[in-house]
Amino acid sequence: MKVKTTVNGQVYERETVPYKTLLHFIREEIGLTGTKEGCAAGECGACTVILNGKPVNSCLVLAVEANDAVIETVEGEGAGNELSDLQAAFERHHATQCGFCTPGMLMSIRDLLRRHPKPTVEQIKAGIEGNFCRCTGYVQVIEAVLDATGQSAKKGELKHVS
Ligand code: FES
Ligand code: FES
């Protein structure tokens, strides 16, 4: 069966099988491998993409369900070799180590910033609650989001974030 989607503004039409997940469709059929597979069970958020304006775990969505959908993946961040403001803030704050969680984290934050252009620390925490990072932790991520939105943490505000 054929699935037609618009990913990062480009239209793709690909033949696929009914049981293929959107995650595997994006990686294998479209060839965009920024989106990662961690748990494949909706637990880690590494596979987060924005589907018709909402962040989803693409490991839990079938490709056929995304027919005619508009999808955003991490490859849509920045322009060419230019980092987006958010990616540049991640770099400044060392908010990524192995980087495995980063593509999904960026997609969740992109969604958050559309809803809350100047998010509070609590809103940032809620925005990334579905994204598991096993090595960097969350302090640097929160600092990066605050920086990208022209803010900084108040003294002691991130003390209990790990
Ligand atoms: S790979 Fe989809 S939530 Fe972990
Ligand atoms: S940077 Fe390694 S899992 Fe988050």
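Residues numbered from 1 in each chain as written. Chains lettered and ligands numbered in written order. Predicted model: local features only at pLDDT ≥ 70, side-chain atom pairs only at ≥ 80, totals over all residues. Heavy atoms only, no water.

**Description of the packing of aromatic side chains**
Moving on, step 1. Tallied over the entire structure, the rule returns zero aromatic pairs.
Moving on, step 2. For the cation-ring pair, arginine 134 lies above phenylalanine 100, with the distance from its terminal atom to the ring centre recorded as 5.8 Å. (Phe/Tyr/Trp six-rings, centres within 6.5 Å; stacked < 30°, edge-to-face > 60°. Lys NZ or Arg CZ within 6 Å of the ring centre and 35° of its normal.)

**Considerations on helix α2 (residues 85–92)**
Moving on, step 1. Considered for burial, the residues of α2 that qualify are Leu86, Gln87, Ala88, Ala89 and Phe90.
Moving on, step 2. Buried positions along α2 lie against α3 (102–115) and α5 (139–148).
Moving on, step 3. Histidine 94, located one to two residues past α2, shows a positive phi value of around 50°. (Buried < 20%, exposed > 50% of the residue type's maximum accessible area, 1.4 Å probe, protein only. Helix = DSSP H or I, 4+ residues; strand = E, 2+ residues; numbered from the N terminus. Contact = heavy atoms within 4.5 Å.)

**Considerations on the nonpolar core**
Soluble globular proteins: nonpolar side chains tend toward being buried together.
Moving on, step 1. Counting 23 residues, the largest nonpolar core has Leu86, Phe90, Met105, Ile109, Val141 and Ile142 as its most contacted members.
Moving on, step 2. Put simply, the parts of the chain that give this core at least two residues each are α2, α3, α4 (121–127) and α5.
Moving on, step 3. When sequence neighbours within four positions are dropped, the list of residues in contact with valine 141 reads Phe90, Ala95, Met105, Ile109 and Ile128.
Moving on, step 4. Listed in part, the 16 residues of the second largest apolar core include Ile30, Leu32, Leu51 and Val61. (Core = buried A, V, L, I, M, F, W, Y, C linked by side-chain atoms within 4.5 Å.)

**A few points about unusual backbone geometry**
Moving on, step 1. With phi around 60°, alanine 40 is a residue other than glycine that occupies positive phi space.
Moving on, step 2. Tracing the backbone shows alanine 40 in the loop between α1 (22–30) and β3 (48–51).
Moving on, step 3. The backbone of asparagine 52 shows a phi angle near 45°, a positive value even though the residue is not glycine.
Moving on, step 4. With respect to the helices and strands, the residue asparagine 52 is situated in the loop between β3 and β4 (54–57).
Moving on, step 5. The exposed category is assigned to asparagine 52, whose relative accessible area is 51%.

**Remarks on the packing of α2 against α3**
Moving on, step 1. Here α2 crosses α3 at 125°, and the two axes come no closer than 11 Å. In terms of their interaxial angle, α2 and α3 are classed as oblique. For α2 against α3, the interelement crossing comes out right-handed. Counted together, Leu86, Gln87 and Phe90 of α2 and Thr102, Met105, Leu106, Ile109, Arg110 and Leu113 of α3 form the full contact between these two elements.
Moving on, step 2. In terms of residue class, the contact of α2 with α3 is made up of six nonpolar, two polar and one charged. (Axes fitted to C-alpha atoms, helices over the stretch in contact; angles between N-to-C directions. Parallel < 35°, antiparallel > 145°, perpendicular 65-115°, else oblique. Left-handed = near helix turned anticlockwise from the far one by under 90°. Nonpolar A, V, L, I, M, F, W, Y, C, P; charged D, E, K, R; others polar.)

**Some points on the pattern of salt bridges**
Moving on, step 1. Summed over all chains, the structure comprises eight salt bridges.
Moving on, step 2. With its nearest N and O atoms 3.0 Å apart, the salt bridge here joins lysine 20 to glutamate 29.
Moving on, step 3. With a closest N to O distance of 2.6 Å, arginine 114 and glutamate 72 form a salt bridge. Of the two residues, arginine 114 sits in helix α3 while glutamate 72 sits in strand β5 (residues 70–72), which places them 42 residues apart along the sequence.
Moving on, step 4. A relative accessible area of 49% places arginine 114 in the partly exposed class.
Moving on, step 5. Under the relative-accessibility criterion, glutamate 72 is labelled partly exposed at 22%. (Salt bridge = Lys/Arg side-chain N within 4 Å of Asp/Glu carboxyl O.)

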